[in-house]
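# Structural features, examined
Residue strings, one per chain:
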Amino acid sequence: MHRIWLHALCFSLAGCNGPSLPAGPSMQQARPSLEQIVANDRWSLAEGTHDDKPLLIRFREELRARPEVTTLPLLVRVVWNFDTDATGMPDGEAGDAMEVFENRLVHAVEPDRIAVLTAVVTHDGDREWLFYTADIAAFARRLTDMPQEPERYPIEISVERD
């Protein structure tokens, strides 16, 4: 299983230092539905290092409660490779462009749950958005139909069944 739960994501990386994470929601509590998670739109940020470079993981915190998500069995990884300085993080211009891209894509796929953004990982020249969907063709159409820049977005997309 590749479901992205922060503990598994960060601590499966060889040499990942930190972050120290608070305990997740009690398993005694009712698990939130995917609809509730998207509506609440609560995000957390974990910071650490990997290979002596900063590692940032932004994730929907309520996903740590492991809600029922079998209706979205496909993991879509959208990766944007960017030029970096010595830290491996994007400069202001690249960061701004990726923010515009993310906002456009989320607006294109989330309102009717074609896909749901679950996490964003930034490290050493890459930003990776992790979406779950049931329909990769619909996701691709929404990506193609969303507002574009004059130059193509420098992204690579991969899909795997999860």
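Before reading further, recall that the structure is shown in the block above.
This report concerns the structure included in the present document. Here the residue numbers are simple positions, counted from 1 along each chain's written sequence. Reporting in this predicted model follows two pLDDT cut-offs: at least 70 for local features of residues, and 80 or more for side-chain atom pairs to be given and counted; totals over whole chains, interfaces and linings ignore these cut-offs and use all residues. Calculation of side-chain values draws on the structure's entire complement of heavy atoms; hydrogens and water are dropped beforehand.

## A few points about a negative patch on the surface
The test is simple: In this analysis, a patch consists of residues with relative accessible area above 30% that form no salt bridge, clustered at 9 Å for like charges and at 5 Å for the nonpolar side chains Val, Leu, Ile, Met, Phe, Trp and Tyr. Each accessible area value is a Shrake-Rupley result obtained with a 1.4 Å probe; residue values ignore everything except the protein chains displayed when judging cover. For salt bridges, the criterion is a side-chain nitrogen of Lys or Arg within 4 Å of an Asp or Glu carboxyl oxygen. Positive charges come from Lys and Arg, negative ones from Asp and Glu, while His and the chain ends are left out of the count. For this purpose, a charge sits on NZ of Lys, CZ of Arg, CG of Asp or CD of Glu. A run of H or I in DSSP counts as a helix once it spans at least four residues, and a run of E counts as a strand once it spans at least two, with each numbered from the N terminus.
Among the surface-exposed residues, Asp83, Asp85, Asp91, Glu93, Asp96 and Glu99 lie close enough to one another that they form a single negatively charged patch. Position of Asp83 relative to the elements: it lies in the loop between strand 3 (74-81) and helix 3 (92-109).

## A closer look at the pattern of salt bridges
Should their charged atoms come close, side chains of opposite charge can pair. We count it as follows: When a residue's accessible area, from a 1.4 Å probe over protein chains only, is under 20% of the maximum for its type it is buried; when over 50% it is exposed; and in between it is partly exposed.
Scanning the model with the defined rule gives 10 salt bridges in all. Residues Glu35 and Arg113 are paired through a salt bridge, measuring 3.3 Å at the closest nitrogen-oxygen approach. Taken together, the positions of Glu35 in helix 2 (residues 34-40) and Arg113 in the loop between helix 3 and strand 4 (115-123) put the pair 78 residues apart, joining distant regions of the chain. Arg113 gets classed as partly exposed once you look at its relative accessible area, which sits at 21%. Across the salt bridge formed by Asp112 and Arg142, the nearest N and O atoms sit 2.7 Å from each other. Residue Asp112 is located in the loop between helix 3 and strand 4, and its partner Arg142 is located in helix 4 (residues 136-145); the two are separated by 30 residues in the primary sequence. Given a relative accessible area of 44%, Asp112 falls into the partly exposed group.

## Concerning the pairing of strand 5 (residues 126-133)
The test is simple: When DSSP finds two or more bridges between a pair of strands, those strands are recorded as paired.
Within strand 5, seven of the eight residues are buried, which leaves the element mostly enclosed by the surrounding structure. Note that strand 3 and strand 5 share eight bridges and pair antiparallel. Looking at strand 5, one finds that Asn81 is bridged to Asp126. Across eight bridges, strand 4 lies against strand 5 in antiparallel orientation. Its bridge partner lying in strand 5, Thr122 is registered against Arg127. Once strand 4 ends, the chain turns through two residues before running back antiparallel as strand 5, passing Asp124 with a positive phi of about 45°.

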